[in-house]
Amino acid sequence: AEAAAIYQRLGGIDRLGPSYTASGLGDLAVYHGRFAEAVRLLSQGAAADLAMKDPDRAASKFAALAHAHLLRQQKEPAIAAADRALATSPTVKIRFLAARVFAEAGATAKARALAEGLGREFLAEPQAYAKIIEGNIALRDGDPRRAVSALTAAGGLLDTWIGHFDLGRAYLAAGAFTQADSELDRCLARRGEAVSLFLDEEPTYGHFPAVYYYQGRVREALHNARFADSYRAYLEIRGQ
């Protein structure tokens, strides 16, 4: 509630204020599972950013919109929003986020092309993102062992919150439940990093609640007596 109030107040501060409001409230809507509301807020915010000639902020909203569509299991709109993000501002961050959506939505050829481009970059950050995408493609293709290998390599290049999250999912798919539990524990301990994954003022906390869902699945598989606590934590956030 406090975050929502602050995001609302930002809208009246200066010309960038409304953009921050749309990003923040859209992210809060994703966090709480109000995906239809998130789609509306992010779509409107991206259109306003384009009108203000701010393509980078618009692209970030299109990428967040793609993620919201994906969480609704609406794959075609997710792919379309990711395409729009790329067309608006193909920065390293946007290419990574779009590729991750493509991989999850089954558009693996698009994801692979972006991963190859990121992998050819000089810096460690895009190279790590390329490995994360490779891992997500492998996970989508039903090859969790290859996914674990790629995501472990990504962590060797750059230690990222999203890399640990995807590695936890890969270990779960591979049946390596103890390792999966460790990775998801790390995501919970480092939850502050999920607030803005790219340290660029764009909120990304909508990625966080799924950690509890996957932790519940892992601990259920481990026959942990308190596995339901993780599911309850997820439902406390998105149960409405």
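This structure is a prediction, so every number in the text was calculated from the model and none was measured.

### With respect to helix 6 (residues 92–105)
- Under the 1.5 Å per step criterion, the end-to-end length of helix 6 is 20 Å for 14 residues, consistent within 8% with the ideal 20 Å.
- In terms of burial, helix 6 is largely enclosed, as twelve of its 14 residues are buried.
- Among the residues making up helix 6, those that are buried are Lys-93, Ile-94, Arg-95, Phe-96, Leu-97, Ala-98, Ala-99, Arg-100, Val-101, Phe-102, Ala-103 and Ala-105.
- Of the surrounding secondary structure, the elements contacted by the buried residues of helix 6 are helix 4 (55–71), helix 5 (75–88), helix 7 (108–119), helix 8 (124–140) and helix 10 (161–174).

### What about the packing of helix 4 against helix 5?
- Where helix 4 contacts helix 5, the axes come no closer than 8 Å and their chain directions differ by 165°. What the angle tells us is that helix 4 and helix 5 run roughly antiparallel. Read as a crossing pair, helix 4 and helix 5 show a hand that is left-handed. Two secondary-structure elements touch here, helix 4 through Pro-55, Ala-58, Ala-59, Phe-62, Ala-63, Leu-65, Ala-66, His-69 and Leu-70 and helix 5 through Pro-77, Ala-78, Ala-81, Ala-82, Arg-84, Ala-85 and Thr-88.
- Looking at the contact of helix 4 with helix 5 residue by residue, the classes come out as 13 nonpolar, two polar and one charged.

### Regarding the side chain of Ser-230
- In this fold, Ser-230 is placed in helix 13 (residues 227–238).
- Leaving out residues up to four positions away in the same chain, Ser-230 has contacts with Tyr-212, Gln-215, Gly-216 and Arg-219.

### Looking at the side chain of Gln-215
- Relative to the elements of secondary structure, Gln-215 occurs in helix 12 (residues 210–221).
- A relative accessible area of 4% means that Gln-215 is categorised as buried.
- There is a polar contact of 3.4 Å between the side chain of Gln-215 and the side chain of Asp-185.
- In this structure Gln-215 touches Asp-181, Leu-184, Asp-185, Leu-188 and Ser-230, once residues within four positions along its chain are discounted.

### Quick notes on the pattern of salt bridges
- A complete count under the given rule lists 20 salt bridges for this structure.
- The shortest N-O distance in the salt bridge between Glu-202 and Arg-57 comes to 3.3 Å. Highlighted residues: Glu-202 in the loop between helix 11 (177–189) and helix 12 and Arg-57 in helix 4, separated in sequence by 145 residues. For the pair formed by Glu-202 and Arg-57, the shared burial category is buried.
- Here Asp-185 ties to Arg-219 by a salt bridge, and the two come within 3.0 Å at their closest N and O atoms. Of this pair, Asp-185 sits in helix 11 while Arg-219 sits in helix 12; the two residues are 34 residues apart in sequence, bridging distant segments of the chain.
- Several salt bridges converge on common partners, so that one network encompasses Arg-100, Glu-104, Asp-166 and Arg-169.

### Structural notes on the packing of aromatic side chains
- Evaluation of the coordinates by the stated rule reveals twelve aromatic pairs.
- Ring geometry for Tyr-31 versus Tyr-205: centroids 5.1 Å apart, planes at 10°, classification stacked. Separated by 174 residues along the polypeptide, Tyr-31 in helix 2 (residues 17–32) and Tyr-205 in the loop between helix 11 and helix 12 bring together distant segments of the chain.
- Given a relative accessible area of 13%, Tyr-31 falls into the buried group.
- On the basis of relative accessible area, Tyr-205 is assigned to the buried category, the value being 18%.
- When the centroid spacing of 6.2 Å and the interplanar angle of 70° are considered together, the rings of Phe-96 and Phe-198 count as edge-to-face. Taken together, the residues Phe-96 in helix 6 and Phe-198 in the loop between helix 11 and helix 12 connect sequence positions 102 residues apart.
- Residue classification places Phe-96 among the buried positions, given a relative accessible area of 1%.
- Overall, the relative accessible area of 16% leaves Phe-198 in the buried class.

What counts as what
Residues numbered from 1 in each chain as written. Predicted model: local features only at pLDDT ≥ 70, side-chain atom pairs only at ≥ 80, totals over all residues. Heavy atoms only, no water. Helix = DSSP H or I, 4+ residues; strand = E, 2+ residues; numbered from the N terminus. Expected span 1.5 Å × (residues − 1). Buried < 20%, exposed > 50% of the residue type's maximum accessible area, 1.4 Å probe, protein only. Contact = heavy atoms within 4.5 Å. Axes fitted to C-alpha atoms, helices over the stretch in contact; angles between N-to-C directions. Parallel < 35°, antiparallel > 145°, perpendicular 65-115°, else oblique. Left-handed = near helix turned anticlockwise from the far one by under 90°. Nonpolar A, V, L, I, M, F, W, Y, C, P; charged D, E, K, R; others polar. Polar contact = N/O pair within 3.5 Å; in protein donor to acceptor, adjacent residues only side chain to side chain. Salt bridge = Lys/Arg side-chain N within 4 Å of Asp/Glu carboxyl O. Phe/Tyr/Trp six-rings, centres within 6.5 Å; stacked < 30°, edge-to-face > 60°.

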